[in-house]
Amino acid sequence: MLTFSHFAEFVKHFDDQPLLAGESGVITVLKYPYPNAVNEPTQYDCIRVHAHMGKHASVQNKPLLSVGSKEGFLKKQGGFIKNWKTRWFVLQKTTLRYFRQRADAQPIRDIDLRDCTECTIDCSLGQENCFRLVFPWRTFYLVATTDVEASEWVDIIQWKLDKLKTNTL
């Protein structure tokens, strides 16, 4: 194992060498790097976890993780009766699903984001951390626990909507 007395020495040693590193702290020098011009997709549908904590693990029985996905509890305003209910939401690709409980196998509803015309923060209902999804047939009002979480939901959904408009999703 190499040791370096100064950070500058470390940088000079790995200068112009492609490196991969993760939260585990293990650094890998790529022997056969990609050329400078690679057609890199703007979004990956899924990734497979190959290593954990610096030790190689079997990729079998590891879940596929969707990079452009999000899940969490949100409060949703009812369509007919305007009460608020907490639901478990899962965003994958262009579908937003919500469930009564996190462990439920069947969603209450699948919402196709390809029909969504707007996703934005909304303070009109007097709810903090509220955002809305506008569709031709209905507007969904959703409330997150924090303003950061609401912004995360809006950002990822808006990113998907922008990608759908340019046909890159």
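Every value quoted in this text rests on a predicted model; they were computed, and no experiment measured them.

Q: A description of the pattern of salt bridges should follow, citing residues and the corresponding values.
A: Within this structure, the stated rule accounts for five salt bridges. Put simply, Asp112 and Arg114 hold a salt bridge, and the shortest N to O gap is 2.7 Å. Here Asp112 falls in the partly exposed class, since its relative accessible area comes to 22%. With a relative accessible area of 58%, Arg114 lands in the exposed category. Here Arg132 ties to Asp122 by a salt bridge, and the two come within 2.2 Å at their closest N and O atoms. Residue Arg132 is found in strand S12 (residues 130–134), and its partner Asp122 is found in the loop between strand S11 (118–121) and S12; the two are separated by 10 residues along the sequence. For the pair Arg132 and Asp122, a shared accessibility class is recorded, and that class is buried. Each of Glu118, Asp122 and Arg132 takes part in one network of salt bridges that share partners.

Rules of the game
Residues numbered from 1 in each chain as written. Predicted model: local features only at pLDDT ≥ 70, side-chain atom pairs only at ≥ 80, totals over all residues. Heavy atoms only, no water. Salt bridge = Lys/Arg side-chain N within 4 Å of Asp/Glu carboxyl O. Buried < 20%, exposed > 50% of the residue type's maximum accessible area, 1.4 Å probe, protein only. Helix = DSSP H or I, 4+ residues; strand = E, 2+ residues; numbered from the N terminus.

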